[in-house]
Amino acid sequence: MRSPPTGWFNVALDYIVAVGYTASVKRIAYTRSALRVLRRMPANTAKLIVSKVEQYAADPGSLANNVTALKGRAGIRLRVGDWRVIMDESGAVLAVLDIGPRGGIYE
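Residues numbered from 1 in each chain as written. Predicted model: local features only at pLDDT ≥ 70, side-chain atom pairs only at ≥ 80, totals over all residues. Heavy atoms only, no water.

K.L.:
Looking at this model, I keep getting lost on the nonpolar core. Mind explaining?
P.N.:
If you look at soluble globular proteins, the nonpolar side chains tend to sit buried side by side. In terms of nonpolar packing, the biggest core is built from 18 residues, with Ile49, Val53, Leu78, Val85, Met87 and Ile99 touching the most fellow members. Only helix H2 (32-40), helix H3 (43-58), strand E3 (76-80), strand E4 (83-90) and strand E5 (93-101) provide two or more residues apiece to this core. No other element matches the 5 residues that H3 contributes to this core. Excluding its chain neighbours within four sequence positions, the residues that come into contact with Ile99 are Ala34, Val37, Leu38, Met41, Ile49, Trp83, Arg84, Val85 and Ile105. (Core = buried A, V, L, I, M, F, W, Y, C linked by side-chain atoms within 4.5 Å. Buried < 20%, exposed > 50% of the residue type's maximum accessible area, 1.4 Å probe, protein only. Helix = DSSP H or I, 4+ residues; strand = E, 2+ residues; numbered from the N terminus. Contact = heavy atoms within 4.5 Å.)

Okay, here's the thing in structure tokens:
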């Protein structure tokens, strides 16, 4: 096996360091009603919803298929299984307004 040219490894590391990710994670704020719903649902479902909200705050593009803008009211909707998370994304804060099952959250 041929070894890479001298200096090749250092160049690759320099490129990775120079191009590295600058993740701007948004702060997450939950309303009282959203926290109440999270406390009352099964623990595994609540953990899944919180992890998806954190994932969206870190990288909105990662959940692009599951996020849509709401019609008739301000905010966005995140789909997590049969649950819907209504959020408001303004500035550096991601506000989780409400969490509910698929059929009753929009009323």
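K.L.:
I'm lost on the sheet that holds strand E1 (residues 27-30) in this one. Help?
P.N.:
Taken in spatial order, the 5 strands make up an open sheet running E1-E5-E4-E3-E2, and their pairing is mixed. A strand with exactly one partner marks an edge of an open sheet, and here the two such strands are E1 and strand E2 (67-69). Across the sheet, the mean angle separating the axes of adjacent strands is 30° when strand polarity is ignored. Direction of pairing for E4 relative to E5: antiparallel, over a ladder of 8 bridges. For Ser90, the partnering residue across the bridge sits in E5 and is Val93. Contacting E1, E4 and E5, H2 crosses the sheet at an angle of about 50° to E5. (Pairing = 2+ DSSP bridges. Axes fitted to C-alpha atoms, helices over the stretch in contact; angles between N-to-C directions.)

K.L.:
Sorry if this is basic, but what is going on with the pattern of salt bridges here?
P.N.:
Pairing is possible between side chains of opposite charge, provided their charged atoms come close. If you walk through the whole model with that rule in mind, you get 1 salt bridge. One salt bridge connects Lys26 with Glu89, and the closest N-O pair in it is separated by 3.1 Å. Taken together, the residues span a long stretch of sequence, with Lys26 in the loop between helix H1 (8-19) and E1 and Glu89 in strand E4 at a distance of 63 residues. With a relative accessible area of 22%, Lys26 lands in the partly exposed category. The class for Glu89 is partly exposed, based on a relative accessible area of 33%. (Salt bridge = Lys/Arg side-chain N within 4 Å of Asp/Glu carboxyl O.)

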